[in-house]
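# Remarks on the overall topology
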Amino acid sequence: MSPQRRRKMPQEQLDTLCFKMREGLPKWRDVFTWQLLKILLMGQGLSALICGTAVTSQYLASVYYLNTPMLQSFINYTLLGITYTMALIFRRGDGNILQILKTKWWKYLLLAVADVEANYAVVKAYQYTTLTSIQLLDCFIIPVLMILSWFFLKTRYRIIHYAAVSICLAGVGAMVGADILAGQDQGSSSDVLLGDGLVLVSATLYAISNVCQEYTVKNLSRVEFLGMVGLFGSIISAIQLGILEHKEVANIQWTWEKALLLAGYALCMYGFYSFMPVVIKRSSATAVNLSLLTGDLFSLFFGLFLFHYNFSGLYIVSLVGILIGFIMFNTVPTLSRLSDPSSDEEGVDNHTADTDNNSIEGCEGEISGAQAEQRERPPACVVINSVKL
């Protein structure tokens, strides 16, 4: 409602509960913002890149019988090192690679270990458990991320965030149900307990890596994070490649199709690693991983044409559910103690605080001289104009 119409309304009508509730609800323009659309599109771009890595890996494994996860990881980390580590080498001052290695080398070493082993564990799990189990248990990264963000990033979530996560997980459940009904429960079941354990370990390591990534890109530098991960990741993956996959690599019968698929995988993974810090900086690691839940769906849609999967209407239900949950999660900013340490509350949301300040100023400007004695009642005005959920 415009300020002019509000001034013409009698005070009795302004004080009614119905009016306050109607004015307190957020308008659709405040929810579906350009910023939310950009985050949604960038998140789905990351899902498309993940889909590219899944499709190329499946082609390499099922058509050309090439199972070399460490070789694929090594190529990705090498590309990161060539670009971002080289950028750190030519930096000057405190951002130079020598200064970083002197003070934080062991931190980035542990981070690279977590990242490399997370990639390896989830690929290894396919040898022991089914695709359905992997899709379900891989969602374990979401609660682990929220717990780690709570303790280390001081992030405080609201009820709407928990509801959004629940909707996203329900969407994943619909996708898994569609797989079971369509008879696409692929993978092995030789040692389900070991396979499921590897998925949980992978999800935990991914969560650790993502939390560290969020802290680094929001407080330090995206180039520093990618450069250090590229440096230590290439070293660790090279050592692991030499120990675990040297025979498989030596026996590869190279063709242009295999080389093209490996290059496609490496480029998709390189793009994912390079682009993900940008999206995390605009939102959060938890929000990005909610968006990535659609990656499996994109892979299934491609599988309809490439691998002759059976279509199910639950795929559409799953996609809509995940997108609705993702939008809900991003419509209301999370709280953070780091944003305002002097606050008495558990956290302060900068966007909401600015909105409330503007609401108070608007209320004070709209109070007429005849209502000056009611200036001690600003909370009523705040409730009317606030957009806070």
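To be clear, the structure that these remarks concern was listed above.
Read on for a plain summary of the structure. (Residues numbered from 1 in each chain as written. Predicted model: local features only at pLDDT ≥ 70, side-chain atom pairs only at ≥ 80, totals over all residues. Heavy atoms only, no water.)

## Overview of the overall build of the protein
Using the following cut-off: Secondary structure counts use DSSP, requiring at least four H or I residues in a row for a helix and at least two E residues in a row for a strand, with both numbered from the N terminus. A simple rule labels every residue: compare its accessible area, found with a 1.4 Å probe on the protein chains alone, to the largest value its type can have, and call it buried under 20%, exposed over 50%, or partly exposed in between. Only heavy atoms enter the contact rule, under which two residues are in contact if any of them lie within 4.5 Å. Where accessible areas are quoted, they stem from the Shrake-Rupley method and a 1.4 Å probe; at the residue level, only the protein chains shown are allowed to cover.
Counting its regular elements, the protein contains 19 helices and two strands. In the protein, buried positions account for 46% of the 389 residues. In the protein, the proportion of contacts linking residues at least 24 apart, taken out of those at least 6 apart, comes to 83%. Looking at the protein as shown, the accessible area adds up to about 19800 Å², and 66% of this sits on carbon and sulfur atoms.

## Examining the nonpolar core
What counts is decided by this rule: Only buried residues count toward a nonpolar core, which is a set of Ala, Val, Leu, Ile, Met, Phe, Trp, Tyr and Cys residues joined through side-chain atoms within 4.5 Å.
Counting residues in each nonpolar core, the largest one holds 71 residues, and the members touching the most others are Leu290 and Leu297. When residues in this core are grouped by element, the largest group, nine residues, is from helix α14 (residues 256-282). Contacts of leucine 297, omitting those with residues within four sequence positions, involve Met175, Tyr315, Ser318, Leu319 and Ile322.

## A word on the packing of aromatic side chains
Note the following rule: Between the rings of Phe, Tyr and Trp (Trp by its six-membered ring), a pair exists once the centres lie within 6.5 Å; its type follows the angle of the planes, with under 30 degrees stacked, over 60 edge-to-face, and the other angles tilted. Whether a charge sits over a ring comes down to the Lys NZ or Arg CZ being within 6 Å of the ring centre and within 35 degrees of the ring normal.
What the rule picks out here adds up to five aromatic pairs. With a centroid separation of 6.1 Å and an interplanar angle of 65°, the aromatic rings of tyrosine 157 and tyrosine 162 are classed as edge-to-face. Through successive ring pairs, a cluster of aromatic residues spans Tyr77, Phe272 and Tyr273. In this structure, arginine 156 packs its charged tip against the face of tryptophan 150, placed 4.0 Å from the ring centre.

## Re a nonpolar patch on the surface
Under the convention used in this document: Within this analysis, patches are made of residues with over 30% relative accessible area and no salt bridge. Like charges are joined at 9 Å or less; nonpolar side chains (Val, Leu, Ile, Met, Phe, Trp, Tyr) at 5 Å or less. For this document, the term salt bridge refers to a Lys or Arg side-chain nitrogen within 4 Å of an Asp or Glu carboxyl oxygen.
A contiguous nonpolar patch, built from Ile235, Ile239, Ile243 and Leu244 and spanning about 380 Å² of accessible area, is present on the exposed surface. Relative to the helices and strands, leucine 244 resides in helix α12 (residues 222-244). By relative accessible area, leucine 244 is classed as partly exposed at 40%.

## Side note on the side chain of lysine 258
Heads up, the condition is: Just so you know, the count uses Lys and Arg for positive and Asp and Glu for negative, and it drops His and the chain ends.
Checked against the element boundaries, lysine 258 lands in helix α14. Comment: no salt bridge for buried lysine 258; closest opposite-charge side chain is glutamate 257, at 8.1 Å. Leaving out residues up to four positions away in the same chain, lysine 258 has contacts with Leu60, Tyr64 and Gln253.

## Notes on the pattern of salt bridges
The tally for this structure, following the rule as stated, stands at two salt bridges. Here lysine 104 ties to glutamate 224 by a salt bridge, and the two come within 2.8 Å at their closest N and O atoms. Placement of the pair is lysine 104 in helix α7 (residues 97-125) and glutamate 224 in helix α12, with a sequence separation of 120 residues. Exposure remark for glutamate 224: the relative accessible area of 6% places this residue in the buried category. Lysine 218 is the salt-bridge partner of glutamate 214, the closest N and O atoms lying 3.1 Å from each other. You can see glutamate 214 and its partner lysine 218 sitting in helix α11 (residues 192-219), four residues apart, about one turn around the helix. On the basis of relative accessibility, which here comes to 7%, the residue glutamate 214 falls in the buried class. On the basis of relative accessibility, which here comes to 37%, the residue lysine 218 falls in the partly exposed class.

## Remarks on helix α6 (residues 69-89)
Rules: The span one expects for a helix is its residue count, reduced by one, times 1.5 Å. One fitted axis covers the seven residues ending at a residue, a second covers the seven starting there, and the bend at that residue is the angle between these axes.
Look at α6: 29 Å from first C-alpha to last across 21 residues, which is about the 30 Å you get at 1.5 Å a residue. In α6, a bend of some 35° at glycine 81 exceeds every other bend along the element. By the burial criterion, the buried members of α6 are Pro69, Met70, Leu71, Gln72, Ser73, Asn76, Tyr77, Leu80, Gly81, Tyr84, Thr85 and Leu88. As for α6, its buried residues are in contact with α5 (34-62), α7, α12, α13 (246-250) and α14.

## Observations concerning unusual backbone geometry
Positioned with a positive phi, tyrosine 65 is a non-glycine residue whose angle comes to about 55°. Note on placement: tyrosine 65 falls in the loop between α5 and α6. Its identity is not glycine, yet lysine 154 carries a phi of approximately 60°, on the positive side. Inspection of the secondary structure assignment puts lysine 154 in the loop between α9 (141-152) and β1 (155-156). For lysine 154, a relative accessible area of 31% puts it in the partly exposed group.

It is worth stressing that arrangement in space is one thing and function is another; only the former is reported here.
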